[in-house]
Structures are given as C-alpha cells and as structure tokens.
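One letter stands for each residue in the lines below.
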Amino acid sequence: MTNKTVSNNATPKVGFVSLGCPKAGSDAERILTQLRAEGYEISGSYDEADLVVVNTCGFIDSAVEESLDAIGEAINKNGKVIVTGCLGAKAGVVEAAHPSVLAVTGPHALEEVMTAVHANLPKPHEPFVDLVPPQGIRLTPKHYAYLKISEGCNHRCSFCIIPSMRGDLVSRPIGEVLNEAENLVNAGVSEILVISQDTSAYGVDVKYRPGFWNGRPVKTRMTELTKALSELDVWVRLHYVYPYPHVDEVIPLMAEGLILPYLDVPFQHASPRILKSMKRPASSENNLARIKAWREVCPEITIRSTFIAGFPGETEDDFKMLLDFLEEAQLDRVGCFAYSAVDGAAANALPGQVPEEIKQERLSRFMEVQERISAAKLHHKIGSIQTVLVDEIVTDVEGNIEAIGRTKADAPEIDGVVYLEDAEGLTPGDFVEVEIYSADGHDLRGGPPKDR
C-alpha cells in the first residue's frame, strides 16, 4: 500500500482503534486527549486517516487473536500503524505477525505513543489546545465515565500476566484523580466508575501519602478517595475491589447513600486448595463471613464477582465447593470463564490440566446455578420502585418509544438493564423513578409507577 503523505496545509488526522477492558479504554482516552491537545484531528475512517493507532488487549489467547486481526485490518486499509496496549508489551509477537508496523509500545505509554506519532506524522505548527475540554476526550457516552486511579498490580496470581504487562502498582496522585472526577461531573457525567487492577490497594505504594484537593489534604487511600468522590453528588461505583479488611470501611458509605451500594469483588474460586494454587488472597470461609457482615450493614448492597471453572488441578470436589459457595453467598451478579491458558502465566505449568470438555461442562453447571439465583433475586424486585439512569432511547417495531437504563445494581455493559415503557421525553443521562413490572434471568422491565 502506498504510504500516505500530509500536505503542509492539511490538518493531520489520526485513526484510533481501541480494544479490551475499561482500563485499556482509559488509556485510549488519554492518548486521544493528547492528540487533540496537539492539534491532530481524530478520523473515523481508515481512508481519511494519515496513520492509525491500535490500542490492543493481550490478556487471553482470544484477545491476542482479536488484537492481531485488528492490527492486520488497519495495515491493509491504511498502511501506517502504531501499536500500543497490553499486547504491545509483547513486541515480538506483534512484529512477527506484522513486521510493517511503525512502532510498538506497551500499556499506559502516552509519551511513547506520542513520540511515535510525532516521528511519523509531525504535529501542527500551532496546536489548538483550547479545542480540548477540561474533561478530555472520552469513548463512553456523555453521562458516565471510567475513572482510573492506578496502574499495575502487586499480586502475582498464577493465571494472570497483568504485572508483566503493566508493572507493579502505581497510584495516581489523589489530587489529580479528584480534579479529573470534578471535571467529568462539570461536563455532565452522572456516574463515575472507579477502576484499576486493584482498587482497594490504592495508595499502598505511596504509603497512603496525603495529597491536596480544593486546598485541603486528602489521604491517598480508597476510603478517603471514596468519601471525597461522594461530595460530587453523582453515582460512584467501585470495581475490581479485593476483599481486604479495610474494604469494610466503605460499606457504611453505601448504607448512607453516599456512594452506590455496589461492590465488584473478583473472588475467582471457593476451594482453599485452588485459591492457594491461584495465589489468591482470603478464603471462601472468610469471604462468606465478609459478605454476611456487609449485608448486615447495607442490606441493599449488590455484590458482583467473577470466577474461573476448570483451573488446573480442579477436581469435582473442588468444583462442588464452588457451587456450594454460590448457593450460600447468593451473589447478585456473576461472571464465569472456563480456564484458558495465557502465554507467560505460571498456571500453564501446573499439573492436572482439565480437559476442555470438562471445563465447558462445569461452566455450564456453574451458570445454571447462578442464573437460578439471579432470576430469583430479580423476581423479588417486581413491584418495587427503582431509580434508573437512562442509557439509550430506542423505538420498537410498532413505533413505541422505549428507554434502556440501569438501576444502582447494574454497571454498564457487564450487568443487566431495565427496559422502560412510555419513555417519551426522556434522554440519556436522565434519572427516573421506575416501577418494575416483570423480570427474567438477566433484565428487568418497567415504566411509570402505577396507581397503588
């Protein structure tokens, strides 16, 4: 393909493809913001772009394949490609598959990406910094945003390669985080989703050193961060929270309505032997006790978690412990994945690799149990009044206007939704009181409260 050139008078245009989790999306938003701050235009098509940045995911094999395919598509349709993100940490893999890429960087590598862009597409002589809003460029809808508070992780879970790609924990300065959150709210954001690799470890690396926000000191710690965010008067949702003892401190804030009564805790398994093999903290007995205590303080709390079925060495007895845990814990929102070997993960060398058909059979049994639990929990909400944040307005086949939204118990893209009838006049970002009319195993349906 003929390489593209830019005339002296043309504003250089950069195409952008972003894959992976919200943390990768947060990296993408920072790169896009810097590109706009320096005067580059963001192109929505390969044809119009002078070069393309591909932000990759490389956590599991399927994500690696998707990322390599995306890079290949960008090369075929544009010809000038810079690769960044988690797969970029494995530069050899990228360059072996696509030797024509202009540059490869790892994750959270803003300066390296911009250096590569400058080398291949010189920035405009006079950047239009005033065109960039204080909240930066975002990939999410206008009414919610992800707030990344740290990079990296200090854990060495045997199934995970995140530390090798993103390094050890590095907490962002708390003043910087809170200023970003304040700018987001001033721009119209109604919900802030706090993300990191390990949200409850925030500040460990700096020994909880205080920073400053609006002229006052604030400790670099999850509890203090959460209290400060609650002052912004928007929904605040916590993700990727390890069950450390100090997590108990945020539950009263949920009970008081200061932050959403929602906790995303990746338990991963319940068998003590498997948890030890995974190098995961805590035990199933401790986790059950914590869940019970949290619900005593905040009965409305929604607990979401993720699990792995078919981890190396998992026996039928281990798996039954996991099913028993589900029955006793009665978690609200759950995801489960059949174990997949990740290139570079220590778990690949563990004995007792589980055959694929058994992994899939256990995954199916797991989801059958959890779907029954989820359906029963959603059924209990029928007739209740729920505050719903509107995400989208749609028109059905008969021309009726409906809305799709979420309750306090639902994070975007990973949890359920509420389908709202009689949604005339609503717009994305609105909060509305909704009566729940019906439920299935995943979602709710409701509308204006009926006469009681």
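Residues numbered from 1 in each chain as written. Predicted model: local features only at pLDDT ≥ 70, side-chain atom pairs only at ≥ 80, totals over all residues. Heavy atoms only, no water.

### Remarks on the overall build of the chain
Inference 1: From N to C terminus, the chain includes 12 helices and 20 strands.
Inference 2: With respect to the principal axes defined by its C-alpha atoms, the chain has extents near 65 × 60 × 55 Å.
Inference 3: For the chain, long-range pairs separated by at least 24 residues make up 73% of all intrachain contacts whose partners lie at least 6 apart in sequence.
Inference 4: Carbon and sulfur atoms make up 52% of the accessible area of the chain, which totals about 20,000 Å². (Helix = DSSP H or I, 4+ residues; strand = E, 2+ residues; numbered from the N terminus. Contact = heavy atoms within 4.5 Å. Areas by Shrake-Rupley, 256 points an atom, 1.4 Å probe, with all protein chains shown as cover.)

### A look at the sheet that holds strand S18 (residues 418-420)
Inference 1: If you trace the five strands once around the closed barrel, you get S16-S17-S18-S20-S19, paired in mixed fashion. Within the sheet, the average angular offset between the axes of one strand and its neighbour, ignoring direction, is 50°.
Inference 2: Here strand S16 (residues 385-395) runs beside strand S19 (residues 431-439); their pairing, made up of five bridges, is antiparallel. Bridge pairing links Gln386 to Val434 in S19. (Pairing = 2+ DSSP bridges. Axes fitted to C-alpha atoms, helices over the stretch in contact; angles between N-to-C directions.)

### Here's the deal with the nonpolar core
Inference 1: Judged by nonpolar contacts, the single largest core of 69 residues is most densely connected at Leu263 and Phe307.
Inference 2: In contact with Leu263, other than residues within four places in its own chain, are Leu238, Val241, Val247, Ile251, Met254, Trp294, Ile301, Thr302, Ile303 and Arg304.
Inference 3: One finds Leu19, Val52, Leu68 and Val101 within the second-largest nonpolar core, a separate group that totals 17 residues. (Core = buried A, V, L, I, M, F, W, Y, C linked by side-chain atoms within 4.5 Å. Buried < 20%, exposed > 50% of the residue type's maximum accessible area, 1.4 Å probe, protein only.)

### Some words on the environment of Val189
Inference 1: Counting through the fold element by element, Val189 comes out in the loop between helix H6 (174-186) and strand S9 (191-195).
Inference 2: By relative accessible area, which is 3% here, Val189 ends up buried.
Inference 3: In the structure, Val189 is positioned 45 residues away from Tyr144 in sequence and 5.1 Å away in space, judged by C-alpha atoms.

### As for unusual backbone geometry
Inference 1: Backbone geometry at Asn214 places phi at a positive 55°, although glycine is not the residue there.
Inference 2: Considering the arrangement of structural elements, one finds Asn214 in the loop between strand S10 (210-213) and strand S11 (216-219).
Inference 3: Residue classification places Asn214 among the exposed positions, given a relative accessible area of 54%.
Inference 4: One non-glycine residue, Asp233, lies in positive phi territory at about 60°.
Inference 5: For Asp233, the position within the fold is in the loop between helix H7 (222-230) and strand S12 (235-238).
Inference 6: The class for Asp233 is exposed, based on a relative accessible area of 71%.

### Digging into the packing of aromatic side chains
Inference 1: Throughout the structure, instances matching the rule amount to eight aromatic pairs.
Inference 2: Between Tyr242 and Tyr244, the aromatic rings sit 5.8 Å apart at their centres with planes inclined by 15°, giving stacked as the arrangement. For the pair Tyr242 and Tyr244, one class covers both residues: buried.
Inference 3: Pairing Phe307 with Phe366 gives two aromatic rings, centres 5.5 Å apart and planes at 50°, and the pair type is tilted. Here the residue Phe307 occupies a position in strand S14 (residues 302-309), and Phe366 occupies one in helix H12 (residues 356-379), the gap between them amounting to 59 residues. Phe366 shares its class with Phe307; the two are buried.
Inference 4: Of the aromatic side chains, those joined through ring pairs into one cluster are Phe267, Phe307, Phe325 and Phe366.
Inference 5: Above the ring of Tyr262, the side-chain terminus of Arg237 is found at 4.5 Å from the ring centroid.
Inference 6: The ring of Tyr144 has Arg406 lying over it, and the distance from NZ or CZ to the ring centre is 5.3 Å. (Phe/Tyr/Trp six-rings, centres within 6.5 Å; stacked < 30°, edge-to-face > 60°. Lys NZ or Arg CZ within 6 Å of the ring centre and 35° of its normal.)

### A look at helix H4 (residues 110-120)
Note that an α-helix has 3.6 residues per turn; residues three or four places apart therefore point the same way.
Inference 1: Residues of H4 that are buried: Val113, Met114, Ala116 and Val117. Taken around the axis of H4, the buried residues stretch over an arc of 160°, which confines them to a single face. The exposed set on the far side of H4, more than 90 degrees from its buried face, consists of Glu111, Thr115 and Ala119.
Inference 2: In this structure, the buried side of H4 is in contact with helix H1 (22-37), strand S3 (51-56), strand S4 (81-85) and strand S5 (103-104). (Arc of directions from axis to C-beta.)

### Quick look at the sheet that holds strand S2 (residues 41-43)
Pairing between sheet strands relies on hydrogen bonds along the backbone, with the strands arranged either parallel or antiparallel.
Inference 1: Pairing is parallel in the open sheet, where five strands are placed in the order S2-S1-S3-S4-S5. Lying at the two open borders of the sheet, with one neighbouring strand each, are S2 and S5.
Inference 2: Contacts from H1 reach strand S1 (13-18), S2, S3 and S4, with the element oriented near 175° to S1.
Inference 3: Sheet strands in contact with helix H2 (residues 61-77) are S3 and S4, and its direction is about 175° off that of S3.

### Re the packing of helix H11 (residues 316-329) against H12
Inference 1: Relative orientation of the contacting elements H11 and H12 amounts to 15°, with a least axis distance of 10 Å. Here H12 runs roughly parallel to H11, going by the angle between their axes. Regarding H11 and H12, the two cross each other, and that crossing is right-handed. Where H11 approaches H12, its residues Glu316, Phe319, Leu322, Leu323, Leu326 and Glu327 are matched on the opposing element by Arg362, Arg365, Phe366, Val369, Gln370, Arg372 and Ile373.
Inference 2: Partitioning the contact of H11 with H12 into residue classes produces seven nonpolar, one polar and five charged. (Parallel < 35°, antiparallel > 145°, perpendicular 65-115°, else oblique. Left-handed = near helix turned anticlockwise from the far one by under 90°. Nonpolar A, V, L, I, M, F, W, Y, C, P; charged D, E, K, R; others polar.)

Any functional reading would require information that these geometric values do not contain.
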